[in-house]
Amino acid sequence: MRVHTGKRLTVVGAGVIGASVAWLAAREGWQVELIDPLLAEGAEQTGASWAAGGMLAPFSEAWPGEDDVFELGAASLRRWPDFGARLRDETGVDVFTGTGTLLVAVDGADIERLTMVADWLTTHGYRPQRLTRTQVREEVPSLSRSVRGGLLVPEELSVDNRALLPALRRAAEAAGARLSARELTSIDECGGDQVVLAAGSDSPRLWPGLPVHPAKGEILRLRRRPGTPPLPTRIVRGLVHGRHVYLVPRDGGMVVGATQHEGHDQQVTVGGVRDLIADAEALLPSIGEYQLADAMAGLRPMSPDNLPLIGRLSDRVVAATGHGRNGVLLTAVTVDAVLAELDGGQLADAKAADPGRF
Ligand SMILES: Cc1cc2nc3c(=O)[nH]c(=O)nc-3n(C[C@H](O)[C@H](O)[C@H](O)COP(=O)(O)OP(=O)(O)OC[C@H]3O[C@@H](n4cnc5c(N)ncnc54)[C@H](O)[C@@H]3O)c2cc1C
């Protein structure tokens, strides 16, 4: 690792990706400016990082054929315990909320899809535990009797992204980064010897032609009320007649997500809420007794091949964007990859994410 004392770095975007880069680059001696209009005091948080479910879930997000996506996610999950511990040491905030994912299915076709994913994971040297209907209900007794079977992935983690995001911004500031609450209209407005573009789904506005597009995701936050059955102790991810839904236990309640539609609009629709609740209820019949505390839509920064874009766009600009459905998971490996680029190298684990592939 080189020391960069006095060299100036501008980071555009203070979501989980930009805030993490700003924090750890400042720790390496860069003189950092972190720019984002959402840094203004009292600004409503509309970024994907605030909307997210907080799952660190490369195994349950795995899909046959997406080998590089899986390997990158697994590389990031390995880094998360140290990354989270370092953040806790510097800020006092422990962002981890849970361990282990239970993947469940309700009909024959859903079971077939789970089996296909389990078989594919096995070819990658990982054997998720296959559970019968009875074993699934032993893991989470409040699950519906209509759940027919599942897989257990004990290694996956979850974090509270709404604790993570402010903690990262505070850590960046404490490490010496200057926080600027403003919106850039052009990358040329950036000072700095180097620039990291981490503007999420808006990144192409600053780098036209960058292959990143938004996919809207609606997500709910529920609060447990007195007398409601106990919360699941695992993340529960379900396939309900082909539709995905997840329940992430969180601090007296749970997060229920998420819809997926192409486009820029960030309104929460009645249909989106209805589908999420209906699918969640198919897994957890007691869900109707919870308080509906929050509903939000965020924009996932998608790329054409579901891999992010991490690497050089020019001598001065490094991309850290396009993290799609997994940006919270990928934060830990992205920071290492960006710091390696700023050092003049490339992180082997993140080679597949080089934007030069487009
Ligand atoms: C509903 C939903 C659920 C999700 N669940 C998960 C999950 O469980 N696990 C997981 O790993 N991932 C999840 N994701 C994906 C994850 O949230 C994203 O991949 C990740 O947050 C992307 O982080 P980011 O920092 O790149 O983008 P953002 O959080 O969107 O941050 C980008 C920032 O750039 C700023 N910006 C934009 N333009 C400019 C400009 N011109 N000048 C200055 N600043 C600018 C914005 O204001 C914003 O704050 C989910 C996403 C959604 C929508």
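Being a predicted model, the structure only gives us computed values, none of them experimental.

Quick notes on the rules
Residues numbered from 1 in each chain as written. Predicted model: local features only at pLDDT ≥ 70, side-chain atom pairs only at ≥ 80, totals over all residues. Heavy atoms only, no water. Helix = DSSP H or I, 4+ residues; strand = E, 2+ residues; numbered from the N terminus. Polar contact = N/O pair within 3.5 Å; in protein donor to acceptor, adjacent residues only side chain to side chain. Domains from an automatic or database assignment. Contact = heavy atoms within 4.5 Å. Buried area = accessible area lost by both parts, 1.4 Å probe. Salt bridge = Lys/Arg side-chain N within 4 Å of Asp/Glu carboxyl O. Nonpolar A, V, L, I, M, F, W, Y, C, P; charged D, E, K, R; others polar. 1 Å grid on protein atoms, 1.4 Å probe; cavity = no way out; pocket = protein on both sides within 12 Å on 5 of 7 lines; lining within 4 Å. Points joined across faces, edges and corners; volume = space filled by probe spheres on them.

A. Local environment of the side chain of arginine 234. Inspection of the secondary structure assignment puts arginine 234 in the loop between β9 (213-223) and β10 (235-240). In this structure the side chain of arginine 234 is engaged in a polar contact, spanning 3.0 Å, whose partner is the side chain of glutamate 139.

B. Spatial organisation of the domain arrangement of the protein. Per the domain assignment, the segments of the protein are domain 1 (8-56 + 161-211 + 304-357) and domain 2 (97-156 + 214-302). Between domain 1 and domain 2, the C-alpha centre-to-centre distance is 28 Å. Contacts between domain 1 and domain 2 engage 24 residues on the former and 20 residues on the latter. The contact between domain 1 and domain 2 buries some 1,700 Å² in all, and 54% of this surface belongs to carbon and sulfur atoms. When the area that domain 1 buries against domain 2 is broken down by residue, the three leading residues are Met55, Ser201 and Arg325, summing to 34%. The interface formed by domain 1 and domain 2 includes 1 salt bridge. Two residues, aspartate 294 and arginine 162, come together in a salt bridge whose shortest N-O distance is 3.1 Å. Seen at the junction of domain 1 and domain 2, the total is 8 residue pairs in polar contact (both at pLDDT 80 or more). Looking at the side of domain 1 that touches domain 2, the elements with two or more residues in it are α2 (48-51), β3 (55-56) and α6 (161-174). For the side of domain 1 that touches domain 2, the element with the most residues is α2, which contributes 3 residues. In the side of domain 1 that touches domain 2, the residues fall into 7 nonpolar, 13 polar and 4 charged.

C. View of the layout of surface pockets. As a volume, the second largest pocket reaches approximately 210 Å³. Around the second largest pocket, the lining comprises 13 residues; the ones closest to its centre are Arg221, Leu222, Arg223, Arg250 and Asp251. Put simply, the parts of the chain that give the lining of the second largest pocket at least two residues each are β9, β12 (253-257) and β14 (291-302). Of the residues assigned to the lining of the second largest pocket, the class counts are 4 nonpolar, 2 polar and 7 charged.

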